[in-house]
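# Overview (structure and organization)
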Amino acid sequence: LSIVHGFLAQHLGPGMFAVDATAGNGHDTAFLCGLVGPTGRVLAMDIQPAAVQATRQRLASLGYGQAQVVCDSHANLAHYARPGTVDGAVFNLGYLPGADHGVFAVPQTSIPALKTALELLRPGGVLTVCAYAGGRQGTVERDAVLAFVRDLPSSRYQVEVELFSDRPGLPPVPICIKKRVPC
């Protein structure tokens, strides 16, 4: 997470619009609120009501009122923003920590949501993904996301992937994408 947070901090600032497409327990949502400040806007979404509640509680405890938190799938992201209006978007794929591990993100919704998020980004906007490979489903999704970002046209997107091949186990794969400004 420190890699994607550092990347986001370099590109997001006061008054911007950021999206947390997988709110989880609200850690990234709170981070985004801190970056865009009180003049910015944050949209956080999660399909699980427990995640929405946890995110709202975290934001309230921190005094962040600029976030809209909705219980919806990231597959419906286009219902909440127009193309070219988002400055940054965050996806943490996998399952909600501390919740039912039988409920998790799947490539059938994550890949279309990533495509939509890229369309919603303004030129120069950024998108980050943390793909977790825990369990068979996580590995399938991680591999699908890696294939998706590998196929993004380099003329439109700058993509950085850190595989941590020297670490034991299945470390998360951070992916940082910047939408290029057309010449």
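Above this text sits the structure in question.
To keep things clear, this report deals only with the structure shown in the data block. (Residues numbered from 1 in each chain as written. Predicted model: local features only at pLDDT ≥ 70, side-chain atom pairs only at ≥ 80, totals over all residues. Heavy atoms only, no water.)

Counting its regular elements, the chain contains five helices and seven strands. In the chain, the succession of helices and strands from N to C terminus is α-β-α-β-α-β-β-α-β-α-β-β. For the chain, the proportion of its 183 residues judged to be buried stands at 49%. A total of about 8800 Å² of accessible surface is found on the chain, and carbon and sulfur atoms cover 55% of it. (Helix = DSSP H or I, 4+ residues; strand = E, 2+ residues; numbered from the N terminus. Buried < 20%, exposed > 50% of the residue type's maximum accessible area, 1.4 Å probe, protein only. Areas by Shrake-Rupley, 256 points an atom, 1.4 Å probe, with all protein chains shown as cover.)

Here we come to the sheet that holds strand β4 (residues 86–92). Spatial ordering of the open sheet is given by β3-β2-β1-β4-β5-β7-β6, a layout of seven strands whose pairing is mixed. A single partner strand is all that each edge strand has here, and the edge strands are β3 (67–71) and β6 (157–161). The sheet shows a mean angle of 10° between the axes of neighbouring strands, taken without regard to direction. Bridge analysis of β6 against strand β7 (residues 173–179) gives five bridges, and the strand direction is antiparallel. (Pairing = 2+ DSSP bridges. Axes fitted to C-alpha atoms, helices over the stretch in contact; angles between N-to-C directions.)

In this section: the pairing of strand β5 (residues 121–131). Within β5, nine of the eleven residues are buried, which leaves the element mostly enclosed by the surrounding structure. Where β4 and β5 come together, six bridges link them in parallel fashion. For A89, the partnering residue across the bridge sits in β5 and is L127. Across six bridges, β5 lies against β7 in antiparallel orientation. Note that in β7 the partner of C130 across the bridge is P174.

To continue, consider the side chain of K179. Assignment of secondary structure puts K179 in strand β7. Of the side chains bearing the opposite charge, E119 lies closest to the buried K179, which forms no salt bridge; the N-O distance is 8.1 Å. The residues touching K179, leaving out its near neighbours within four places in the chain, are L118, E119, L121, R122, P123, G124, G125, R156 and Y157. (Lys, Arg positive; Asp, Glu negative; His and termini not counted. Salt bridge = Lys/Arg side-chain N within 4 Å of Asp/Glu carboxyl O. Contact = heavy atoms within 4.5 Å.)

All right, on to the packing of helix α1 (residues 2–11) against helix α2 (residues 27–36) then. Contact geometry for α1 and α2: axes closest at 10 Å, N-to-C directions at 25°. By the criterion of interaxial angle, the relationship of α1 to α2 is roughly parallel. Viewed along their axes, α1 and α2 form a crossing whose handedness is right-handed. Facing α1, whose interface residues are H5, L8 and A9, α2 presents D28, F31, L32 and L35. Looking at the contact of α1 with α2 residue by residue, the class counts come to five nonpolar, one polar and one charged. (Parallel < 35°, antiparallel > 145°, perpendicular 65-115°, else oblique. Left-handed = near helix turned anticlockwise from the far one by under 90°. Nonpolar A, V, L, I, M, F, W, Y, C, P; charged D, E, K, R; others polar.)

Before going further, it helps to examine the nonpolar core. F91, L127 and V129 are the most contacted members of the largest nonpolar core, which has 31 residues in total. Elements with a minimum of two residues in this core: β1 (17–20), β2 (41–46), β4, α4 (107–120), β5, α5 (135–150) and β7. With six residues, the single largest contributor to this core is α4. Contacts of F91, omitting those with residues within four sequence positions, involve A21, T22, H74, L77, A113, L114, A117, L127, T128, V129 and C130. (Core = buried A, V, L, I, M, F, W, Y, C linked by side-chain atoms within 4.5 Å.)

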